[in-house]
Every structure is written in C-alpha cells, then in structure tokens.
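So the chains spell out like this:
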Amino acid sequence: MTAPNAELSASPFLRAARGEPVDRVPVWYMRQAGRSLPEYLKVREGIGMLESCMDPELVVEITLQPVRRYGVDAAIFFSDIVLPLKAVGVDLDIKPGVGPVVASPVRTLADVKAIPDLTPEHVPFITEAVQGLVGELGGTPLIGFAGAPFTVASYLVEGGPSKEHALTKALMFGAPDVWDALMRKIASISAAYLEVQVAAGASAVQLFDSWAGALTPADYEAHVMPHSARVLAAAGALGVPRIHFGVGTANLLGLMGEAGADVVGVDWRTPLDRAIPLVGDRSVQGNLDPTLVFAPPAVMTERAAQIIDAGRAARGHIFNLGHGVIPSTDPDQLKRLTEFVQSYELG
Ligand code: CP3
C-alpha cells in the first residue's frame, strides 16, 4: 500500500496543477457542496451559513458530501470568502438567497484601521475542520481557499452584493490611500487564512477573485494585481499549487497568471483554446457552462469532450464548471458528468 502522502502527491488533481502528465483529466466543481445536494439541505436545516462554517463537525460532513456522491478528484473546503472577516470581528452576515451583508460598510482610513489582522487564534475551528478532513480524505486532495482583495473589498465597501461595484471602484479611483490600506489589509487577512488551511493539511489553494472581471486590464494591473500577487506569493512559499479564478476575466487571464498562479481558472465565456495561449506556461481549470448540466446528457458530454480536447494544449488541465454549481442543478447530472470526464480516453 502506498503511504497517504505519496498517494496524495500522485493524485491526478495535484499532478495536473503542477503540469505533470496524467492518465486522465481530474475534475471537481466550484460550489460542489451546497444547495444542489439534498443531504446538504438536510444538515443545514435551522443552522445559519456562518454558524455552519464555524462548526468543524458540520464543515467536515458538508465538505465530504460531494466527494462521496460524485467521487470528484478534489474536495473544496466548505467555508466562505467573508468568514475570515467575521472571525476577526467584522459585523456581517450571509443572508439566504442574498449573500454577504456588512453592517457598517468600510469607506474611510479609520474604517480600514479598525479591522484587525487575522491570527490562527481567530480561527481554531478552521484548523480543527481541515485536520479532520485531511484524515478522512486520505489520497483525495483538499483545496483551501480565500477571497482575493478586490472581490472581498467589494462586499466590505458596498455593504452587500453588487452588480456594478460602483462604490468600490469610486474608492479605487478617488481615494488611493484608503484603497491601498484596504487592499493591504484584506491581502494580509487572506494570506493568513490560507496559511492556516495549508498548515492544517490543505494541499492546494484557490484564490477567488470572482468580480475582477469588472476591471479594465490597466486598472487591474495598477490597483489590484499587486495585492493579489502578495496573497499568491505567501501561498507559494508554503509549497502548494495556487489556482487563481475570476468571472468575466477574458481580458485579464494573462495578468491573473502573472500574479503568481500555477493554475488559471477560466469562466465558461472564454473557450480554452483562446485562454491557453494567454496564460503562458501554466495549467488551466474549467470551464463548462454551469447551465449545460441542465441540457440533455448527450449535449452536456459532447461539450465536456470539446473542453477536454482543447485542454490538452495546456501545461495541465483540471476540469471544472466555468463558475459555481447552480443550486437547482440535478445531482445525477453532475454524477454523469464526473463519470464521463474520469473515463474519457486521452489517447
Ligand atoms: O463548494 C464550494 O465551492 C465551497 C464553499 C464556498 C462557499 N462560498 C459556500 C457558500 C466557496 C468556495 C464560496 C466562495 C464565495 N463566497 C465566493 C467566490 C466564489 C464564487 O462563487 O464566485 C463569493 C463571491 C462568495 C460570497 C457569497 N457567499 C455569495 C455570492 C453567496 C451566495 C448567495 C446566495 O444565497 O445565492 C454566498 C453564500 C454561500 N456561500 C452559500 C454557500 C453554500 C449559500 C448559502 C446557503 O447554502 O445557505
């Protein structure tokens, strides 16, 4: 029998992330744990989202649910990008069907200075949950994650979910000192949050900059990329592969790679054959349109096959959806998709 560490290190997910040859394409799904699973809805009954994230036993169970059901090649830690802010004392909640809501939005230098840095003592329940998971997962890698500074800033500045991110960008354009302090603060919290997860046994990390697609390449490069780069550098120093993902980022893929990613996550709008030349010598992750899981199985798998074929031109390819699983998704379709990807002959 191979030792768990050797089995982990040889897992298709970690091999593809490092750009090593694989026998088959690894697959996992963003938001694979969550409302599309009846077993998730059952264990979440009567318990708030943030409360769930702070309960190690529940986090272990919810993280394992999609691994059991689908046999995916990686688990993603069940938490949220705003959890570390909550842990250091920011007054916020995650409202069902809405998302994160912040009681007192952050707009001034004093507001930024009032946010403490994160230490492992703020998140003992994260350490406990990750350690428990790593024991249960054996040879299946656990992906830790954090929110990137721009995406987390959007919730803090707007006070809740936003389409335009207008107040956030107004701060970026109009108050460079406040912006710089805020981005540094979030970068430090996200880096510390990733360090806690890796120290406890996570074997890869994903930095979610979901809303970075709202920026022009020049603004991204000047005002956001250096801060995300600090988070990715801190994770890189821990020796784990780093995935960097955003939505609507066709124009940013090169920069998101250069920020320090080993794997660039691609949303479904950019075909992989266009994305791959942009990311240089890096792996890619993605990118089936999450609504294709609602199509007839043959249509879904034909598109998945096109993505796997296109992904072969990359240094490495990890199959995923182009964004999170939609809550009304039929789990049986995701099971079919997983089996299809895992049995696809690379030839
Ligand atoms: O399976 C996984 O991917 C792991 C868990 C995970 C959650 N949030 C759980 C969650 C991850 C990786 C996140 C990250 C996250 N949170 C992001 C980046 C990823 C992305 O989707 O782009 C963002 C932008 C957030 C902020 C956030 N939290 C949103 C937009 C929402 C959804 C609001 C809604 O209800 O539609 C949340 C809440 C949330 N986070 C849920 C889950 C399972 C739903 C809450 C519930 O089940 O009650």
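Residues numbered from 1 in each chain as written. Predicted model: local features only at pLDDT ≥ 70, side-chain atom pairs only at ≥ 80, totals over all residues. Heavy atoms only, no water.

Engineer: Help me out: how do you make sense of the overall build of the protein in this one?
Structural biologist: The helix and strand tally for the protein stands at 16 helices and nine strands. Relative to the compact-globule value of 20 Å for 347 residues, the protein shows a C-alpha radius of gyration of 19 Å, a close match. Principal-axis analysis of the C-alpha atoms gives the protein an extent of 60 × 40 × 40 Å. Sequence separation of at least 24 residues holds for 73% of the intrachain contacts in the protein that already meet a minimum separation of 6. Summed over all atoms, the accessible surface of the protein reaches about 13800 Å², with 54% contributed by carbon and sulfur. A distance of 2 Å separates the average location of the 27 positive side-chain charges in the protein from that of its 38 negative side-chain charges. (Helix = DSSP H or I, 4+ residues; strand = E, 2+ residues; numbered from the N terminus. Rg over C-alpha atoms; globule rule 2.2 N^0.38 Å. Contact = heavy atoms within 4.5 Å. Areas by Shrake-Rupley, 256 points an atom, 1.4 Å probe, with all protein chains shown as cover. Lys, Arg positive; Asp, Glu negative; His and termini not counted. Charge placed at Lys NZ, Arg CZ, Asp CG, Glu CD.)

Engineer: How do you make sense of helix α16 (residues 331-343) when you look at a structure like this?
Structural biologist: The periodicity of an α-helix, 3.6 residues per turn, causes residues three or four places apart in sequence to face the same way. Helix length check: α16, at 13 residues, gives a terminal C-alpha distance of 18 Å against a target of 18 Å (1.5 Å per residue), a fit within 8%. Listing the buried residues of α16 in full gives Pro331, Gln333, Leu334, Leu337, Thr338 and Val341. Down the axis, α16 shows its buried residues gathered within 155 degrees of arc, on one side only. A distance of 2.9 Å separates the backbone nitrogen of Asp332 from a side-chain oxygen at the start of α16, and that oxygen is part of Asp330. (Expected span 1.5 Å × (residues − 1). Buried < 20%, exposed > 50% of the residue type's maximum accessible area, 1.4 Å probe, protein only. Arc of directions from axis to C-beta. Polar contact = N/O pair within 3.5 Å; in protein donor to acceptor, adjacent residues only side chain to side chain.)

Engineer: So what exactly am I meant to see when it comes to the site of the ligand here?
Structural biologist: The ligand sits among 25 residues. The nearest are Arg31, Tyr40, Asp80, Ser210 and His323. In the model, a nitrogen atom of the ligand is placed 2.7 Å from a nitrogen or oxygen of the Asp80 side chain. For the ligand, an oxygen atom lies 3.0 Å from a polar atom in the backbone of Gly97. When the free accessible area of the ligand is taken as 870 Å², the share hidden by the protein chains comes to 92%. The residue inventory of the shell around the ligand, partitioned by class, reads 15 nonpolar, six polar and four charged. (Near = heavy atom within 4 Å. Nonpolar A, V, L, I, M, F, W, Y, C, P; charged D, E, K, R; others polar.)

Engineer: What's the story with the sheet that holds strand β6 (residues 242-245) in this structure? I'm lost.
Structural biologist: Pairing is parallel in the open sheet, where seven strands are placed in the order β1-β4-β5-β6-β7-β8-β9. The open sheet terminates on both sides in strands that have one partner only, identified here as β1 (75-76) and β9 (317-321). Across three bridges, β6 lies against strand β7 (residues 263-265) in parallel orientation. In the strand pairing of β7, Ile243 is matched with Val263. (Pairing = 2+ DSSP bridges.)

Engineer: Help me understand the environment of Leu346, please; the structure alone is not making it clear to me.
Structural biologist: Relative to the assigned elements, Leu346 resides in the segment after α16. Under the relative-accessibility criterion, Leu346 is labelled buried at 15%. When the C-alpha atoms of Leu346 and Arg24 are compared, they prove to be 6.4 Å apart, with 322 residues separating the residues in sequence. Those residues in contact with Leu346 that lie beyond four places of it in its chain are Val22, Asp23, Arg24, Val25, Ile308 and Arg312.

Engineer: Looking at this structure, how should I read the nonpolar core?
Structural biologist: Considering soluble globular proteins, one finds that nonpolar side chains tend to be buried as a cluster. Counting 129 residues, the largest nonpolar core has Leu156, Tyr220, Phe319 and Leu337 as its most contacted members. Per element, the largest residue contribution to this core is 13 residues, and it comes from helix α11 (residues 176-199). Apart from residues no more than four positions distant in its own chain, Phe319 is found in contact with Val25, Pro26, Val27, Trp28, Gly286, Leu288, Ala304, Ile307, Ile308, Leu337 and Val341. (Core = buried A, V, L, I, M, F, W, Y, C linked by side-chain atoms within 4.5 Å.)

Engineer: Just to check I follow, could you spell out the packing of aromatic side chains for this structure?
Structural biologist: Aromatic rings considered in pairs are described by the distance between their centres and by the relative angle of their planes. In this structure the tally under the stated criterion is six aromatic pairs. Summarising the aromatic geometry, the rings of Phe340 and Tyr344 are spaced 5.6 Å apart at their centres and angled 55 degrees between planes, so their arrangement reads as tilted. Residue Phe340 is classed as partly exposed on the basis of its relative accessible area of 23%. The structure contains a cluster of three or more aromatic residues connected by ring pairs, namely Phe145, Phe208 and Phe245. Here the guanidinium or amino end of Arg269 rests over the ring plane of Trp268, the centre of that ring lying 4.1 Å away. (Phe/Tyr/Trp six-rings, centres within 6.5 Å; stacked < 30°, edge-to-face > 60°. Lys NZ or Arg CZ within 6 Å of the ring centre and 35° of its normal.)

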